[in-house]
Amino acid sequence: MVNRWRVQEAAREIRAGAVIAYPTEAVWGLGCDPWNEEAVDRLLAIKGRSVDKGLILIADNIHQFDFLFEDFPDTWIDRMASTWPGPNTWLVPHQNLLPQWITGVHDTVALRVSDHPLVRDLCALVGPLISTSANPQGRPAARTRIRVEQYFRGQVDLVLSGSLGGRKNPSLIRDLATGEVRRAS
């Protein structure tokens, strides 16, 4: 069961520039407001991740990404919609509509519509979020709150309690234009 009050508190924190940790479908994630460059820079520093790699944006429904899809063929929209919500991340042409601190050095951005109730409730309140696995670069992704706290004690602003979604592996990543699998689930 999702604690609505805690989700609302997390939404307020995100709007104020916080970096939070939260459970997702398979592993714990770190997230923040994608439009807040300072928050994204902090998240990258906490994780030890290069801005060049780019980050995933998550949402509670496909329409939160409509601003990116204006010129997309209907087949692309249908392809994404048929796999969401769920453990599918699509690499989508960003058409220079997103800042480099989200896209890194890539012509695409990674998008996913989550099926985790807590993540969906959070995104419904704040819009799309940055989402990256909760682990320092090169370390295994956290699968427990205790591991999150061991990795990031005092570095994240809020750890949102909840349960993982029960998946064993992170999402499948595919290129929208080609259908090529970039990471198997």
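Quick note: structure is the one above.
We now turn to the structure provided with this report. Just so we're clear, the structure is a prediction, and the values are computed from it rather than from any experiment. (Residues numbered from 1 in each chain as written. Predicted model: local features only at pLDDT ≥ 70, side-chain atom pairs only at ≥ 80, totals over all residues. Heavy atoms only, no water.)

What follows concerns the overall build of the protein. Helices and strands together make up the secondary structure of the protein, namely six helices and nine strands. Over its C-alpha trace the protein gives a radius of gyration of 15 Å, about what one expects of a compact globule, namely 16 Å for 185 residues. Projecting the C-alpha coordinates of the protein onto the three principal axes gives extents of approximately 45 × 35 × 30 Å. Taken across its 185 residues, the protein has 50% of its residues classed as buried. Long-range pairs, those at least 24 residues apart, make up 67% of the contacts in the protein with a sequence separation of at least 6. Carbon and sulfur atoms make up 49% of the accessible area of the protein, which amounts to about 8,800 Å² in all. Taking the average place of the 21 positive charges on the side chains of the protein and the average place of its 21 negative ones, the gap between the two points comes to 11 Å. (Helix = DSSP H or I, 4+ residues; strand = E, 2+ residues; numbered from the N terminus. Rg over C-alpha atoms; globule rule 2.2 N^0.38 Å. Buried < 20%, exposed > 50% of the residue type's maximum accessible area, 1.4 Å probe, protein only. Contact = heavy atoms within 4.5 Å. Areas by Shrake-Rupley, 256 points an atom, 1.4 Å probe, with all protein chains shown as cover. Lys, Arg positive; Asp, Glu negative; His and termini not counted. Charge placed at Lys NZ, Arg CZ, Asp CG, Glu CD.)

What follows covers the layout of surface pockets. Its boundaries defined by the atoms lining it, the largest pocket holds a volume of some 710 Å³. Of all the elements in the fold, those that place two or more residues in the lining of the largest pocket are strand S2 (28–32), helix H4 (100–103), strand S5 (108–113), strand S6 (129–133) and strand S9 (181–183). Here the lining of the largest pocket gets four residues from one element, more than from any other, and that element is S5. (1 Å grid on protein atoms, 1.4 Å probe; cavity = no way out; pocket = protein on both sides within 12 Å on 5 of 7 lines; lining within 4 Å. Points joined across faces, edges and corners; volume = space filled by probe spheres on them.)

Okay, the pairing of strand S8 (residues 172–175) next. Covered by surrounding structure in S8 are Leu172 and Arg174 together with Ile173 and Asp175, the residues of both alternating faces. As defined by bridge partners, strand S4 (residues 88–93) adjoins S8 across four bridges and the pair is classed as parallel. Pairing of Thr89 across the sheet is with Ile173, part of S8. Alignment of S8 against S9, held across two bridges, turns out to be antiparallel. Bridge assignment links Arg174 to a residue of S9, and that residue is Val181. Counted between consecutive antiparallel strands, the loop separating S8 from S9 contains five residues, among which Gly179 sits at a positive phi close to 80°. (Pairing = 2+ DSSP bridges.)

The strand order S7-S1-S2-S6-S3-S5-S4-S8-S9 describes an open sheet built from nine strands, whose pairing is mixed. Each edge of the sheet is formed by a strand with only one pairing partner; in this case those strands are strand S7 (158–159) and S9. The pairing of strand S1 (residues 20–23) with S7 spans two bridges and is parallel. Residue Ile20 lies in a different strand from S7, and its bridge partner there is Leu158. Set on the sheet, helix H2 (residues 37–47) makes contact with S2 and S6; between it and S2 the angle comes to about 150°. (Axes fitted to C-alpha atoms, helices over the stretch in contact; angles between N-to-C directions.)

Glancing now at the pattern of salt bridges. Scanning the entire structure with this criterion turns up eight salt bridges. Put simply, Glu149 and Arg145 hold a salt bridge, and the shortest N to O gap is 2.7 Å. One end of the pair is Glu149 and the other is Arg145, both in helix H6 (residues 145–152) and four residues apart, which spans about a single turn. We note a salt bridge from Arg182 to Asp175, for which the minimum N-O separation is 3.2 Å. Judged by relative accessible area, which is 7%, Asp175 ranks as buried. Connected through salt bridges with shared partners, the residues Asp175, Glu180 and Arg182 form a single ionic network. (Salt bridge = Lys/Arg side-chain N within 4 Å of Asp/Glu carboxyl O.)

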